[in-house]
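Observations on chain architecture
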Amino acid sequence: MPSLRELQVHVMDALLGAGLPRATALIAGSPTEAERRFGVYANTVQGNFRDALHSTYPAVRRLVGDDYFRQTAREFQRRHPSRSGDLVHCGQGFSDYLAQLHPDDGFTYLADVARLEWLIQESLLAAEHASLDLESLARVPPAAYDGLRFELHPALRLFESRYPALAIWEVNVGSDAEPPTLDLRSGADLIAIMRQRLQLQFHRLSAGEHCFLRAFEQGECFSAAVDCGGEADAAFAASAALQRFVAAGAVVAFTSTVKT
Amino acid sequence: MSNHLENSDGGPLPANAGIGLRAPHHLHVLSESPDVSWFEAHSENYFAEGGSHVECLSRIRARYRLSLHGVGLSLGSIDPLNREHLGNLRRVIARFEPTLVSEHLSWSSVGGQFANDLLPLPYTEEALRHVGSRIAQVQDALGRQILLENVSSYMQFSASTMTEWEFVAGVAAESGCGILLDLNNVYVAAHNHEFDSHHYLEGIPRHIVQEFHLAGFSRIDLDGRDLLIDTHGTPVCDAVWDLYRAALRRFGNVPTLIEWDTNLPSFDVLQAQARKADSLRSALRALAA
């Protein structure tokens, strides 16, 4: 008699597409019947994964069509099975997988659209946060500004692409109408994805603003973030950028090494 | 004002049937405050730190009693218990303060890989001891009793040495958990594996059943004979209503839930199913009186 461990390993392998006979040999009934009964589970396991992937990546599915999406979801599941009891995570790494599938053909933009959709999902599920306490910021002595570390809203995600990925996403979600044709050379994206309460927002960024926020994301202090912004964009104005992001609720807290 | 608004805390769940809460019904429930005794929500759907689902359930919970029903803890797995999943479960319990917390008597992962489906266990002494100790671990970690639901199944393992109902009763005895008896799952398994669903009920001790589930199934052809599939996509069938009557007679006034997942209909269809469950229970009580 197989141990519980052996039984589970054989069944899981077969569900993910390897070694079906070892699993069906464990099941009561004739081999044909066992295979048919096992097939009910195999279909559900693939269907649940595909549905979850679709719910994270609606624009990618729309772009590639049902048949290709089904086939890609199946192969992605074999190579990168779900690692969580919560299927919302099963699409992690799908963008990298698409990038490997399409390294240098006419579909390299798919990986970027997928990365955008993953970040949108992260933003939609992130925690709320109160806006920045301006009064306490006003109490910071000017000499301490350089050392401040600003915190971004938990729902903020920075996105960059050499394609107009956000425009591609926007015309491929929400409507069943045939999407308009977009020129892939019609612009690159530098975007801050945000959620205010339940509302998703997209803020287009200059190169300087993007590097400025990226520095905050990486825990750099204010002076280092200002330098990053200035290196990326000679016209970068740090105080205007900070005002913009505080007003947008993108910067929500700060820590200071100087007591205020 | 309907009485569910005054009933949002304390004590056992009301006797009237509750409804499985699904995201497409969130806004209807919030705008219409329908007359429903309680809701049951899938724990994992509210694991996020924030966002619309969590916000909706918080507002619904302010008006209604709640049960949290998990699908992802993989209690029967031989892997170590997933501490992250358990931590998330602890967090949603603290956030939504459910009256009942339940999971499934099944497994869905091994070697860190998840099938994300409710796979049946072999009904062996080894599996019984294993899943019993895992449930006890979870109950210790959560500081409360949980209910375990019998799953529907389409295959049986040759290794099984006992009936499903012996296994269910044994797990409850081993771990001290309660049982969430899904009557549709009993019916589906009884049909698929050719046993008598009433024998199943008789094999479950009276005191351990703390919740019933009712739902609909569909049929597929398996080489000339029907296999019933637990799709939760149709009304409760007459034979399952009969089994519900038998269960009410045996187990008494246990909180009952209407579940519907695929082809989700408008909310009033679910309310009509809940009212039917209530009327069956009232009729039995009147007979007994």
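Look above for the structure.
Conventions we followed
Residues numbered from 1 in each chain as written. Chains lettered and ligands numbered in written order. Predicted model: local features only at pLDDT ≥ 70, side-chain atom pairs only at ≥ 80, totals over all residues. Heavy atoms only, no water. Helix = DSSP H or I, 4+ residues; strand = E, 2+ residues; numbered from the N terminus. Phe/Tyr/Trp six-rings, centres within 6.5 Å; stacked < 30°, edge-to-face > 60°. Buried < 20%, exposed > 50% of the residue type's maximum accessible area, 1.4 Å probe, protein only. Expected span 1.5 Å × (residues − 1). Arc of directions from axis to C-beta. Contact = heavy atoms within 4.5 Å. Polar contact = N/O pair within 3.5 Å; in protein donor to acceptor, adjacent residues only side chain to side chain. Pairing = 2+ DSSP bridges. Axes fitted to C-alpha atoms, helices over the stretch in contact; angles between N-to-C directions. Buried area = accessible area lost by both parts, 1.4 Å probe. Salt bridge = Lys/Arg side-chain N within 4 Å of Asp/Glu carboxyl O. Parallel < 35°, antiparallel > 145°, perpendicular 65-115°, else oblique. Left-handed = near helix turned anticlockwise from the far one by under 90°. Lys, Arg positive; Asp, Glu negative; His and termini not counted. Core = buried A, V, L, I, M, F, W, Y, C linked by side-chain atoms within 4.5 Å.

**Overview of the environment of Ala167(A)**
Here Ala167(A) is to be found in helix α9 (residues 165-172). Each C-alpha atom of the pair Ala167(A) and Ala237(A) lies 27 Å from the other, and the pair is 70 residues apart in sequence.

**Observations regarding the packing of aromatic side chains**
According to the stated counting rule, one finds 27 aromatic pairs over all chains in the structure shown. Ring geometry for Tyr57(A) and Phe94(A): centres 4.9 Å apart, planes at 50 degrees, overall tilted. Of this pair, Tyr57(A) sits in the loop between α3 (31-56) and α4 (58-64) while Phe94(A) sits in helix α6 (residues 94-101), and the two are 37 residues apart along the sequence. Classification of Tyr57(A) by relative accessible area gives buried; the value is 0%. Here Phe94(A) falls in the buried class, since its relative accessible area comes to 1%. Between Phe212(B) and Phe251(B) the ring centres are 6.2 Å apart and the planes differ by 70 degrees, which places this aromatic pair in the edge-to-face class. One end of the pair, Phe212(B), is in strand β9 (residues 209-214); the other, Phe251(B), is in helix α8 (residues 238-251), with 39 residues separating them in the sequence. Under the relative-accessibility criterion, Phe251(B) is labelled buried at 10%.

**Digging into helix α3 (residues 83-96) of chain B**
All names here are of chain B. Compared with an ideal rise of 1.5 Å per residue, which puts 14 residues at 20 Å, α3 spans 20 Å between its outermost C-alpha atoms and is within 8% of the ideal. For α3, the complete set of buried residues consists of His85, Leu86, Asn88, Leu89, Val92, Ile93 and Phe96. Taken end-on, α3 shows its buried residues confined to a sector of 160 degrees, consistent with a single buried face. Turned more than 90 degrees off the buried face of α3, the exposed positions are Arg83, Glu84 and Ala94. Turning to α3, the residues buried within the fold contact α2 (52-61), β3 (65-69), β4 (100-104) and α4 (125-142). You can read the cap of α3 off the contacts: a side-chain oxygen lies 3.1 Å from the backbone nitrogen of Glu84, and it is on Asn82. Positive backbone phi, approximately 45 degrees, marks Glu97, located one or two places after α3.

**Digging into the sheet that holds strand β7 (residues 147-149) of chain B**
Taken in spatial order, the eight strands of this closed barrel run β1-β2-β3-β4-β7-β8-β9-β12 (chain B), and their pairing is parallel. The sheet shows a mean angle of 30 degrees between the axes of neighbouring strands, direction not considered.

**Concerning the interface of chain B and chain A**
Listed per partner, the contact involves 50 residues of chain B and 41 residues of chain A. Between chain B and chain A the total buried area reaches about 3,700 Å² when both faces are included, carbon and sulfur atoms providing 61% of it. Across the contact surface, chain B and chain A share two salt bridges. Across the pair Arg197(A) and Glu55(B) runs a salt bridge, and its minimum N-O distance is 3.4 Å. The interface formed by chain B and chain A holds 19 residue pairs in polar contact (both at pLDDT 80 or more) in total.

**Quick look at the sheet that holds strand β2 (residues 157-161) of chain A**
Remark on secondary structure: sheet strands pair via backbone hydrogen bonds, oriented parallel or antiparallel. Residues and elements named next belong to chain A. On the basis of which strands lie adjacent, the open sheet formed by three strands has the order β2-β3-β4 and antiparallel pairing. The outermost strands of the open sheet, each flanked by one partner alone, are β2 and β4 (199-204). Pairwise comparison of adjacent strand axes, ignoring direction, gives a mean angle of 25 degrees for this sheet. Where strand β3 (residues 189-196) and β4 come together, six bridges link them in antiparallel fashion. Bridged to Ile191 within β4 is Arg204. Taken strand by strand, helix α10 (residues 207-217) contacts β2, β3 and β4, and its axis lies near 135 degrees from that of β2.

**A closer look at unusual backbone geometry**
Unusually for a residue other than glycine, Arg197(A) sits at a positive phi of about 55 degrees. In this structure, Arg197(A) sits in the loop between β3 and β4.

**Overview of the packing of α10(A) against helix α12 (residues 238-247) of chain A**
Residue and element names in this part refer to chain A. One way to put it is that α10 packs onto α12 with a least axis distance of 11 Å and a crossing angle of 65 degrees. Between α10 and α12, the interaxial angle falls into the category roughly perpendicular. Where α10 crosses over α12, the two elements pack in a sense that is right-handed. From α10, Glu209, Phe212, Leu213 and Phe216 reach across to α12, where they touch Ala238, Ala241, Leu242, Arg244 and Phe245.

**A closer look at the side chain of Asp182(B)**
Residue and element names in this part refer to chain B. By secondary structure assignment, the location of Asp182 is in strand β8 (residues 178-182). No salt bridge is formed by the buried Asp182. Its closest oppositely charged neighbour is Arg22, at 9.0 Å. Discounting residues that sit within four places of it in the chain, Asp182 has contacts with Glu149, Asn150, His213 and Glu259.

**Details of the pairing of strand β6 (residues 113-119) of chain B**
Residues and elements named next belong to chain B. Buried residues dominate β6, accounting for five of its seven residues. Sheet topology note: the strand β5 (residues 107-110)/β6 ladder contains three bridges and is antiparallel. Each residue of the ladder has a partner; that of Ser109, found in β6, is Phe114.

**Brief notes about the nonpolar core**
Counting 108 residues, the largest nonpolar core has Phe39(B), Phe167(B), Leu181(B), Leu183(B) and Phe212(B) as the members making the most contacts within it. Here the element with the most residues in this core is α8(B); it accounts for eight residues. Non-local contacts of Leu181(B), meaning those with residues more than four positions away in its chain, are made with Asn150(B), Val186(B), Tyr200(B), Leu201(B), Val209(B), Glu211(B), Phe212(B), His213(B) and Phe251(B). In terms of nonpolar packing, the next biggest core, distinct from the first, is built from 31 residues, Tyr97(A), Ala111(A), Ile168(A) and Trp169(A) among them.

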